[in-house]
Amino acid sequence: QVQLVESGGGLVQPGGSLRLSCAASRRIFSINDMGWYRQGPGKQRELVAVISSGGRTNYADSVKGRFTISRDNAKNTVYLQMNSLKPEDTAGYYCNAELAVVPGPQDNFWGQGTQVTVSS
């Protein structure tokens, strides 16, 4: 089995920055899309950003121009650089990946989540 391990969350003041990381816990045969989702208090989980294996990116309108998603395929790691953070960015942030541990069909995996709190 494989886990997606997230790190980098925390408390930051409005206007500040954080960088989230998510890495697979073991060697992976293949990874397709990797992404970040978030779920705020009383809200549904929503897509923040996604990046394909070829580097194509897509962002939620609410984070365009402030957040940047990137990946290191050699390390099976995806990053989310968050700048100009706002209180409404406060949420649990969850890593997601489509991957196969061994040759065969890919499955969808989720990380355990990391909390981001934007407050003065």
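In this report, we go over the structure that sits alongside the text. Treat the numbers as computed from the prediction; the structure is a model and nothing was measured.

### Comments concerning the pattern of salt bridges
According to the stated counting rule, one finds four salt bridges in the structure shown. Put simply, Arg38 and Asp89 hold a salt bridge, and the shortest N to O gap is 3.0 Å. Residue Arg38 is located in strand E4 (residues 30-39), and its partner Asp89 is located in the loop between strand E8 (77-82) and strand E9 (91-100); the two are separated by 51 residues in the primary sequence. Residue Arg38 shares its accessibility class with Asp89, and that shared class is buried. The partner of Lys64 in a salt bridge is Asp61, and the shortest N-O contact between them spans 3.1 Å. Judged by its relative accessible area of 49%, Lys64 is partly exposed. The exposed category is assigned to Asp61, whose relative accessible area is 64%.

### A short note on the state of the cysteines
Throughout the structure, instances matching the rule amount to one disulfide. The side chain of Cys22 participates in a disulfide bridge whose partner is Cys95; the two sulfur atoms lie 2.1 Å from each other. When the S-S torsion is -80°, as for the bridge of Cys22 with Cys95, the disulfide is left-handed. Taken together, the residues span a long stretch of sequence, with Cys22 in strand E3 (residues 18-24) and Cys95 in strand E9 at a distance of 73 residues. On the basis of relative accessible area, Cys22 is assigned to the buried category, the value being 1%.

Calculation criteria
Here the residue index of a chain counts from 1 through its sequence in written order. It should be noted that, the model being predicted, local features are given only for residues of pLDDT at least 70 and side-chain atom pairs only at 80 or more, the latter also being counted only at that level, while totals for whole chains, interfaces and linings use all residues. The basis for every side-chain value is the complete set of non-hydrogen atoms in the structure, without hydrogens or water. For this analysis, a salt bridge means a side-chain nitrogen from Lys or Arg found within 4 Å of a carboxyl oxygen belonging to Asp or Glu. Helix and strand definitions follow DSSP, with helices as H or I runs of at least four residues and strands as E runs of at least two, each counted in order from the N terminus. The cut-offs for exposure are 20% and 50% of the maximum accessible area for each residue type, with area from a 1.4 Å probe on protein chains only; residues under the lower value are buried, those over the upper are exposed, and the others partly exposed. For the purposes of this analysis, a disulfide is any pair of cysteine sulfur atoms at a distance within 2.5 Å.

As far as function goes, none of this settles anything; it's purely spatial.
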